[in-house]
Structure formats: structure tokens, C-alpha cells
Amino acid sequence: YSKVFKANYLGDKGKPEILEMGCYGIGVSRVLAAAAEVLSTETELRWPKSIAPFSVCIIPPKSGSKEEPAGLALMEELYSKLNSIFPDDIIIDDREKMTIGRKLYVSRRTGYSIIIVIGKKSVSPEPTIEIEIPSEERKIDLTPDQALAFLHNFNSS
């Protein structure tokens, strides 16, 4: 690259000489490997927010369950509001042939920063959703409005 960019210096004899370029070997793959090694557990990947595949993973009710109609409506409303906090940084795990437990397991292993589960409690008279922050080993049940406020504050910190 030195020759192409005409990266020269004046040598001992006062004549231009081409710089010798070097590399310390700190590339993308090494940064990812180091982050995974330092932050993850034996069973879960834990990425820093800046390199997580998505900041938020929403797990909706299982297809065909009694929670599905109300849960999907809640999920769509939550998704549209969360998109202003995490623009284009939300994934919905809508795979039909997996249980919520399996989706949660896969989400933890993938390394999402925030996992939202819309399960049985989402159809109660006072609907709540489960928010899991794997890096803090924290699980909380909140109403949708409380969840939005919590996630707004979480993203700001």
C-alpha cells in the first residue's frame, strides 16, 4: 500500500524511500472474539450494545395459543413504540414451530441485549410482559407503559 499511496520519507541519503507498513493484527474478528470471551458465560453470548446483533428481541405468544390474539396486538403496539427508542434495532422471533422456552433459550445464546417475552401474563386484566436483561442477569415483569419507560431509560444509560 505504501507505493500506491506514495507514502515516502527522506532516507539517510536525503532520497525519498517507501515507508514499510505494518499491522498489529487487531481486526474485526479478533475484536468479536475478545468481546465474546470476556463478556459471555458458558451458556450465553453477551455482546456489548454496540455490536449486539439486535438490541431487542421480542418473543410473541406461541402460534395457536389462547394468548396469541391479545398478545400479538400488544406486541405490534409495543414494537411500533419501541422502534422510536431502538430504531431498526428490534427483531421479532416469530418462528411458529418453537415454544417460547426454546425461543428464549436461543435468544440468550444469540446475545441480544434485551429480551421481551409476551406470554401468559399479557392477557391478564392488568397485562404485563417479561423483560430480561441477560448481561445483568435481571428479569422483571412490567406493564407495557412501565416497560417503555424502563427501556427508554435503559437505552439512555
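Definitions and limits used
Residues numbered from 1 in each chain as written. Predicted model: local features only at pLDDT ≥ 70, side-chain atom pairs only at ≥ 80, totals over all residues. Heavy atoms only, no water. Helix = DSSP H or I, 4+ residues; strand = E, 2+ residues; numbered from the N terminus. Buried < 20%, exposed > 50% of the residue type's maximum accessible area, 1.4 Å probe, protein only. Contact = heavy atoms within 4.5 Å. Areas by Shrake-Rupley, 256 points an atom, 1.4 Å probe, with all protein chains shown as cover. Lys, Arg positive; Asp, Glu negative; His and termini not counted. Charge placed at Lys NZ, Arg CZ, Asp CG, Glu CD. Axes fitted to C-alpha atoms, helices over the stretch in contact; angles between N-to-C directions. Parallel < 35°, antiparallel > 145°, perpendicular 65-115°, else oblique. Left-handed = near helix turned anticlockwise from the far one by under 90°. Pairing = 2+ DSSP bridges.

S.K.: So what exactly am I meant to see when it comes to the overall build of the chain here?
M.R.: Along the backbone of the chain there are 4 helices and 7 strands. In terms of principal-axis extent, the alpha carbons of the chain reach across some 85 × 30 × 25 Å. Within the span of the chain, comprising 157 residues, buried residues form 36% of the whole. Across the chain, the fraction of contacts at a sequence separation of at least 24, relative to all contacts at a separation of at least 6, is 50%. Counting every atom, the chain has about 10,300 Å² of accessible surface; 55% of that belongs to carbon and sulfur. Between the mean site of the 20 positive side-chain charges and the mean site of the 22 negative ones, the chain shows a separation of 6 Å.

S.K.: I tried to follow the environment of Ile18 on my own but got confused; where do I start?
M.R.: Relative to the assigned elements, Ile18 resides in strand E2 (residues 16–18). With 16 residues separating them in the primary sequence, Ile18 and Ser2 have C-alpha atoms 6.3 Å apart. Those residues in contact with Ile18 that lie beyond four places of it in its chain are Ser2, Lys3, Ala7, Asn8 and Tyr9.

S.K.: Which parts of the structure should I look at to understand the packing of helix H2 (residues 68–85) against helix H4 (residues 144–156)?
M.R.: For any two helices packed against each other, the geometry is given by the interaxial angle and the distance between the axes. Here H2 crosses H4 at 25°, and the two axes come no closer than 11 Å. Relative to H4, the element H2 is oriented roughly parallel. Crossing of H2 against H4: the hand is right-handed. Contacts from Leu74, Leu78, Lys81, Leu82 and Ile85 of H2 reach H4 at Pro144, Leu148, Leu151, His152 and Asn155.

S.K.: Is there a simple way to think about the sheet that holds strand E3 (residues 56–59) in this case?
M.R.: Strands belonging to one sheet form pairs held by backbone hydrogen bonds; the direction of such a pair is parallel or antiparallel. Taken together, the 5 strands give an open sheet; going across it, the order is E4-E3-E5-E6-E7, and neighbouring strands pair in mixed fashion. For this open sheet the edge positions go to strand E4 (90–92) and strand E7 (138–142), each flanked by a neighbour on one side alone. Adjacent strand axes in the sheet meet at a mean angle of 20° when their direction is disregarded. Examined bridge by bridge, E3 and E4 share 3 bridges and lie parallel to one another. Counterpart to Ile58 in the pairing with E4 is Ile92.

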